[in-house]
Amino acid sequence: MEVLSSRILLRPAGPDRSRRFYRDVLGLAVYREFGPSDDPGVMFFLGQGFLEVSGRSEGASGQAVGIWLQVRDVQAEHERLAALGVQVTREPRQEPWGLVEMWIEDPDGTSVVLVEVPDDHPLRRDQRPS
């Protein structure tokens, strides 16, 4: 699999508390915010990668952390991984935020999301004012 980018996904029990901890206590720089203004997802710079703090943990503590892998073609990875017997926990689909996502789990149950950024997605466009 060719990974184009990656990030750690944190689904905390207390999102606001976690956002404040990573931003104000650790002093991580914010890469971007997204979602509703009263409960935004926040991506922090984390060396060569990113830490995304978004959503809430609903399950066991092991479900609060996940791995995000950007790939060129989610459908091709779905076919390849399914042929290898990997359990797909969520089939590939385009999400309301425009990314194509598929979810699998590693052998210990850690969530791994494979993401494709479509050509027309804002992440592929220059967001600076012209």
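Up top is the structure these notes are about.
Since the model is a prediction, treat every value here as computed from it, not as a measurement.

Rules used in this analysis
- Residues numbered from 1 in each chain as written.
- Predicted model: local features only at pLDDT ≥ 70, side-chain atom pairs only at ≥ 80, totals over all residues.
- Heavy atoms only, no water.
- Core = buried A, V, L, I, M, F, W, Y, C linked by side-chain atoms within 4.5 Å.
- Buried < 20%, exposed > 50% of the residue type's maximum accessible area, 1.4 Å probe, protein only.
- Helix = DSSP H or I, 4+ residues; strand = E, 2+ residues; numbered from the N terminus.
- Contact = heavy atoms within 4.5 Å.
- Polar contact = N/O pair within 3.5 Å; in protein donor to acceptor, adjacent residues only side chain to side chain.
- Phe/Tyr/Trp six-rings, centres within 6.5 Å; stacked < 30°, edge-to-face > 60°.
- Salt bridge = Lys/Arg side-chain N within 4 Å of Asp/Glu carboxyl O.
- 1 Å grid on protein atoms, 1.4 Å probe; cavity = no way out; pocket = protein on both sides within 12 Å on 5 of 7 lines; lining within 4 Å.
- Points joined across faces, edges and corners; volume = space filled by probe spheres on them.
- Nonpolar A, V, L, I, M, F, W, Y, C, P; charged D, E, K, R; others polar.

## Describing the nonpolar core
In terms of nonpolar packing, the biggest core is built from 10 residues, these being Leu69, Val71, Val74, Leu81, Val88, Val100, Met102, Ile104, Val112 and Leu114. The element contributing the most residues to this core is strand β7 (residues 100-105), with 3 residues. The contact partners of Val100, leaving out residues within four places of it in the chain, are Val74, Arg93, Gln94, Leu114, Val115, Glu116 and Pro118. Core analysis: the second largest hydrophobic core is formed by 7 residues, Trp68, Trp103, Val113 and Val115 among them.

## Thoughts on the environment of His121
Topologically, His121 is positioned in the segment after β8 (111-116). When the C-alpha positions of His121 and Val86 are compared, they lie 28 Å apart, and in sequence the two are 35 residues distant. If sequence neighbours within four positions are ignored, His121 has contacts with Trp97, Gly98 and Leu99. Within the structure, His121 has its side chain in polar contact with the backbone oxygen of Trp97 (distance 2.9 Å).

## Side note on the packing of aromatic side chains
All chains considered together, the criterion is met by 5 aromatic pairs. Plain terms: the ring middles of Tyr22 and Phe44 are 6.2 Å apart, the flat faces sit at 45 degrees to each other, and that makes the pair tilted. Placement of Tyr22 in helix α1 (residues 15-25) and of Phe44 in strand β3 (residues 41-46) is noted, with a sequence separation of 22 residues between them. Accessibility classification places Tyr22 together with Phe44 in one group, the buried group.

## As for the pattern of salt bridges
Where charged atoms of side chains with opposite charge meet at close range, the side chains can pair. Under the criterion given, the structure shown has 11 salt bridges. Note that Arg23 is salt-bridged to Asp24, the shortest N-O span being 2.9 Å. Note on Asp24: relative accessible area 48%, which makes it partly exposed. Linked through salt bridges whose partners overlap, the residues forming this network are Asp16, Arg19, Arg20 and Asp39.

## A word on the layout of surface pockets
If you add up the space inside the largest pocket, you get close to 650 Å³. Taken together, 31 residues make up the lining of the largest pocket; nearest its centre are Arg11, Glu52, Ser54, Trp97 and Glu101. Contributions of two or more residues to the lining of the largest pocket are made by β1 (5-10), α1, β2 (30-34), β5 (65-70), β6 (88-94) and β7. Among the elements that line the lining of the largest pocket, the one with the most residues is β7, at 4 residues. Tallied by class, residues from the lining of the largest pocket come to 13 nonpolar, 9 polar and 9 charged. When its volume is computed, the second largest pocket comes out at roughly 160 Å³. Secondary-structure elements contributing two or more residues to the lining of the second largest pocket are β1, β2 and β5. Ranked by residues supplied to the lining of the second largest pocket, first place goes to β1 with 3 residues. Classifying every residue of the lining of the second largest pocket gives 6 nonpolar, 3 polar and 3 charged.

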